[in-house]
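Letter by letter, the chains look like this.
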Amino acid sequence: MILARRAQAFGFRKQALLAVLAGVALRLLFVFWLPGTADDSAIYLQLAHNWVDHHLYGLWFNGQLLPTDLRVPGYAAYLAGVASLFGRSIRPIMLSQAVLDLGTCLLAAAVAAALAPAAARRRVAIAGLWLAVTCPFVANYVGVVLTEVLTAFLGTAALACFVISVQRMPF
């Protein structure tokens, strides 16, 4: 019985590792070979750089740095943190978004497992993880400097907290 459980746990870990490796490969494809650009990317980068360099959340207008509320500061703060730690190149931002997106996939798998019946939790977790890591519609955002990756992570984390709290409530 103990050996069967260990073999099953090893199979679960092996499947999870394979899924995460597939997710890493897909995200690296978008970072290194298929990066994208968007109009908002320049605005977010300028906000982050001005925040770090001039300690002002603002944009340059007519040669003058002016405070702005054009965008909420969450993503610019994330960009400023990444730039402070790893430099101002776009690549570290995209790689950090890839790591964050893989965290989103793991959280989504955990939410799926938590909502599944006890007997099917491992299978549901693996299926949810494979679906999340191989979804190109979400993974392609790691190759663009946009808020989608951070928003997906924070939304999934909030959902995970909600599911855990509801499961712990005595009904």
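The structure contained in this document is the topic of the report that follows. (Residues numbered from 1 in each chain as written. Predicted model: local features only at pLDDT ≥ 70, side-chain atom pairs only at ≥ 80, totals over all residues. Heavy atoms only, no water.)

**Side note on the overall build of the protein**
Of the regular secondary structure elements, the protein holds seven helices and two strands. Beginning at the N terminus, the succession of helices and strands in the protein can be written as α-α-β-β-α-α-α-α-α. What you see for the protein is a C-alpha radius of gyration of 20 Å, clearly larger than the 16 Å of a compact globule of 171 residues, by over 25%. For the protein, the C-alpha atoms occupy an extent of roughly 70 × 45 × 25 Å along the three principal directions. Put simply, the protein has 171 residues, and 36% of those count as buried. Looking at the protein alone, contacts between residues at least 24 apart form 69% of all its contacts between residues at least 6 apart. Put simply, the protein shows about 10300 Å² of open surface, and 69% of that area lies on carbon and sulfur atoms. Here the protein holds 12 positive side-chain charges and 6 negative ones, and the gap between their average locations is 28 Å. (Helix = DSSP H or I, 4+ residues; strand = E, 2+ residues; numbered from the N terminus. Rg over C-alpha atoms; globule rule 2.2 N^0.38 Å. Buried < 20%, exposed > 50% of the residue type's maximum accessible area, 1.4 Å probe, protein only. Contact = heavy atoms within 4.5 Å. Areas by Shrake-Rupley, 256 points an atom, 1.4 Å probe, with all protein chains shown as cover. Lys, Arg positive; Asp, Glu negative; His and termini not counted. Charge placed at Lys NZ, Arg CZ, Asp CG, Glu CD.)

**Here we look at helix H5 (residues 121–133)**
Across its 13 residues, H5 extends 18 Å between first and last C-alpha, which sits within 8% of the 18 Å expected from 1.5 Å per residue. If you check which residues of H5 are buried, you get Ala125, Ile126, Gly128, Leu129, Ala132 and Val133. Take H5 and look down its axis: the buried residues cluster within an arc of 165°, on one side only. Opposite the packed face of H5, turned more than 90 degrees from it, sit the exposed residues Arg123 and Leu131. (Expected span 1.5 Å × (residues − 1). Arc of directions from axis to C-beta.)

**Some remarks on the packing of aromatic side chains**
Under the counting rule described, the total for this entry stands at four aromatic pairs. Aromatic side chains tyrosine 44 and tyrosine 75 sit 5.1 Å apart centroid to centroid with 85° between the ring planes, which places their arrangement in the edge-to-face category. Note that tyrosine 44 is positioned in helix H2 (residues 39–54) and tyrosine 75 in helix H3 (residues 73–86), a separation of 31 residues in sequence. Assigned by exposure class, tyrosine 44 and tyrosine 75 land together as buried. With a centroid separation of 5.1 Å and an interplanar angle of 70°, the aromatic rings of tryptophan 51 and tyrosine 57 are classed as edge-to-face. Members of the aromatic cluster, joined through ring pairs, are Tyr44, Tyr75 and Tyr78. Here the guanidinium or amino end of arginine 71 rests over the ring plane of tyrosine 44, the centre of that ring lying 5.7 Å away. Lying across the ring of phenylalanine 12, arginine 122 places its NZ or CZ 5.1 Å from the centre. (Phe/Tyr/Trp six-rings, centres within 6.5 Å; stacked < 30°, edge-to-face > 60°. Lys NZ or Arg CZ within 6 Å of the ring centre and 35° of its normal.)

**Thoughts on a nonpolar patch on the surface**
Taken together, the side chains of Leu28, Leu29, Phe32, Trp33, Leu34 and Leu95 make up a nonpolar region of the molecular surface, amounting to roughly 560 Å² of accessible area. Ranked by residue count, the leading element in the nonpolar patch is helix H1 (residues 2–33), at four residues. Position of leucine 95 relative to the elements: it lies in helix H4 (residues 90–115). (Patch = residues over 30% accessible without salt bridge, like charges linked within 9 Å, V, L, I, M, F, W, Y side chains within 5 Å. Salt bridge = Lys/Arg side-chain N within 4 Å of Asp/Glu carboxyl O.)

**Thoughts on the pairing of strand S2 (residues 64–67)**
Sheet topology note: the strand S1 (residues 58–61)/S2 ladder contains four bridges and is antiparallel. What sits directly across from glycine 58, in S2, is proline 67. The loop that links S1 with its antiparallel partner S2 comprises two residues; one of these, asparagine 62, has a positive phi angle of about 50°. (Pairing = 2+ DSSP bridges.)

**Describing the environment of tyrosine 75**
In this structure tyrosine 75 comes out as buried when scored by relative accessible area, which is 4%. Taking the C-alpha atoms as reference points, tyrosine 75 and alanine 48, 27 residues apart in sequence, are found 8.5 Å from one another. Excluding anything up to four places from it in sequence, tyrosine 75 contacts Tyr44, Ile93, Gln97, Val144, Val145, Leu146, Thr147 and Leu150. A polar atom in the side chain of tyrosine 75 sits 3.1 Å from the backbone oxygen of leucine 146. (Polar contact = N/O pair within 3.5 Å; in protein donor to acceptor, adjacent residues only side chain to side chain.)

**Examining the packing of H4 against H5**
The N-to-C vectors of H4 and H5 enclose an angle of 150°; their axes lie 8 Å apart at closest approach. Here H4 is positioned roughly antiparallel relative to H5, judged by the angle of their axes. For H4 against H5, the interelement crossing comes out right-handed. Residues Leu102, Cys105, Leu106, Ala109, Ala112, Ala113 and Ala114 of H4 pack against Arg121, Val124, Ala125, Gly128, Leu129, Ala132 and Val133 of H5. Taken together, the residues that form the contact of H4 with H5 break down as 12 nonpolar, one polar and one charged. (Axes fitted to C-alpha atoms, helices over the stretch in contact; angles between N-to-C directions. Parallel < 35°, antiparallel > 145°, perpendicular 65-115°, else oblique. Left-handed = near helix turned anticlockwise from the far one by under 90°. Nonpolar A, V, L, I, M, F, W, Y, C, P; charged D, E, K, R; others polar.)

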